[in-house]
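A structural walkthrough
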Amino acid sequence: MFQCFFCWRAQQSCSSSRASPELSQECPAMVKMTKSKTFQAYLPNCHRTYSCVHCRAHLANHDELISKSFQGSQGRAYLFNSVVNVGCGPAEERVLLTGLHAVADIYCENCKTTLGWKYEHAFESSQKYKEGKFIIELAHMIKDNGWE
């Protein structure tokens, strides 16, 4: 049994009041790799997640969302700290709304749909916070697990 990475990082378990980072059998759906399933990683069922609208592969945990105020090439987009089941293309320099950036397109590892991009390098000091972060366009993701 694995412990939920996101719960451990927040120093709390998913479904118990224990704050110990030791392995828990009470947090059943962990981020784990599997060869028998379609996707490379599954995010915990105890957290709200975003999935690929085309194939339903998990993409990001809601706790990793940084901002909803971004613009993609096809409309609104969200900025995430980390993502799963995503491949990364080669980096290239692009002039975006906030200036020159080195970005790499990201795509769903399952269905190969381009989802957005990863900020590899920001040339302006005010934009450095974006480095290593991911943009996913709303047109390519849906909400999963626990949204009410």
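Structure's up top.
Residues numbered from 1 in each chain as written. Predicted model: local features only at pLDDT ≥ 70, side-chain atom pairs only at ≥ 80, totals over all residues. Heavy atoms only, no water.

1. Comments concerning the overall build of the chain
Check the secondary structure of the chain and you find one helix and nine strands. Walking the chain from its N terminus toward its C terminus, one meets helices and strands in the order α-β-β-β-β-β-β-β-β-β. In the chain, which comprises 148 residues, the share counted as buried stands at 44%. About 8100 Å² of surface is accessible on the chain, with carbon and sulfur atoms providing 50% of the total. (Helix = DSSP H or I, 4+ residues; strand = E, 2+ residues; numbered from the N terminus. Buried < 20%, exposed > 50% of the residue type's maximum accessible area, 1.4 Å probe, protein only. Areas by Shrake-Rupley, 256 points an atom, 1.4 Å probe, with all protein chains shown as cover.)

2. Digging into a positive patch on the surface
Residues Arg48, Lys68, Arg76 and Lys143 make up a contiguous surface patch of positive charge. Examined against the element boundaries, lysine 143 turns out to sit in strand β9 (residues 141-144). Of the residues examined, lysine 143 reaches a relative accessible area of 47% and is grouped as partly exposed. (Patch = residues over 30% accessible without salt bridge, like charges linked within 9 Å, V, L, I, M, F, W, Y side chains within 5 Å. Salt bridge = Lys/Arg side-chain N within 4 Å of Asp/Glu carboxyl O. Lys, Arg positive; Asp, Glu negative; His and termini not counted. Charge placed at Lys NZ, Arg CZ, Asp CG, Glu CD.)

3. Thoughts on unusual backbone geometry
Backbone geometry places arginine 56, a non-glycine residue, at a positive phi of 70°. Locating arginine 56 in the fold gives a position in the loop between β1 (49-52) and β2 (58-61). The phi torsion at lysine 112 lies on the positive side, around 70°, for a residue other than glycine. Inspection of the secondary structure assignment puts lysine 112 in the loop between β6 (99-108) and β7 (114-122).

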